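Analysis of the macromolecular model
Listed below, chain by chain, are the residues.
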Amino acid sequence: MAHFYLNIRDGEDLIRDPNAYVFPTAQDAREAAVQSVRDLIRENPEEHDFDHKQIEIADATGHPISIVNFYDILGR
């Protein structure tokens, strides 16, 4: 099991996740991020500025290892 951070990027602004989450793999962390984006879109359908938002998945050292773009999830 490894620790991952799910940071939010909105354009140039980065909101660092203060809590690390434990996932078996980086792919599991990415799947959780995708589900989080789906939940945010469903809860806030009137939000129209998803084009510049992302979840950056960072490893235990804080280095980004994967990015989930909100606009990639909108059509799914």
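Summary of the structure given here. (Residues numbered from 1 in each chain as written. Predicted model: local features only at pLDDT ≥ 70, side-chain atom pairs only at ≥ 80, totals over all residues. Heavy atoms only, no water.)

1. Structural notes on the pairing of strand 5 (residues 64-69)
Put simply, the rule is: If DSSP finds at least two bridges between two strands, the strands pair. The way it works is that DSSP assigns letters per residue, a run of H or I at least four long becomes a helix, a run of E at least two long becomes a strand, and they are numbered from the N terminus.
Alignment of strand 4 (residues 53-58) against strand 5, held across five bridges, turns out to be antiparallel. Note that in strand 5 the partner of Gln54 across the bridge is Asn69. Here strand 4 folds back onto strand 5 in antiparallel fashion, the turn holding five residues, of which Gly62 has a positive phi close to 95 degrees.

2. With respect to the pattern of salt bridges
Put simply, the rule is: A pairing counts as a salt bridge when a side-chain nitrogen of Lys or Arg comes within 4 Å of a carboxyl oxygen of Asp or Glu. Three labels apply to residues, based on accessible area from a 1.4 Å probe with only protein chains included: buried if under 20% of the type maximum, exposed if over 50%, partly exposed otherwise in between.
The tally for this structure, following the rule as stated, stands at two salt bridges. In this structure, the salt-bridge partner of Glu56 is Arg9, at a minimum N-O distance of 2.6 Å. Taken together, the residues Glu56 in strand 4 and Arg9 in strand 1 (residues 2-10) connect sequence positions 47 residues apart. The residue Asp39 makes a salt bridge to Arg42 at a minimum N-O spacing of 2.6 Å. One end of the pair is Asp39 and the other is Arg42, both in helix 1 (residues 26-43) and three residues apart, which spans about a single turn. Looking at Asp39, the relative accessible area reads 24%, which means it is partly exposed.

3. Description of the environment of Asn19
As a reminder, the rule being used: Contact definition: two residues touch when any of their heavy atoms are within 4.5 Å.
Mapped onto the elements of the fold, Asn19 is located in the loop between strand 2 (13-15) and strand 3 (21-23). Put simply, Asn19 and Ile41 are 22 residues apart on the chain and 22 Å apart in space, counted from C-alpha to C-alpha. Dropping the residues within four chain positions of it, Asn19 is found in contact with Phe4 and Tyr5.

Everything listed is a geometric property; what it means functionally is a separate question.
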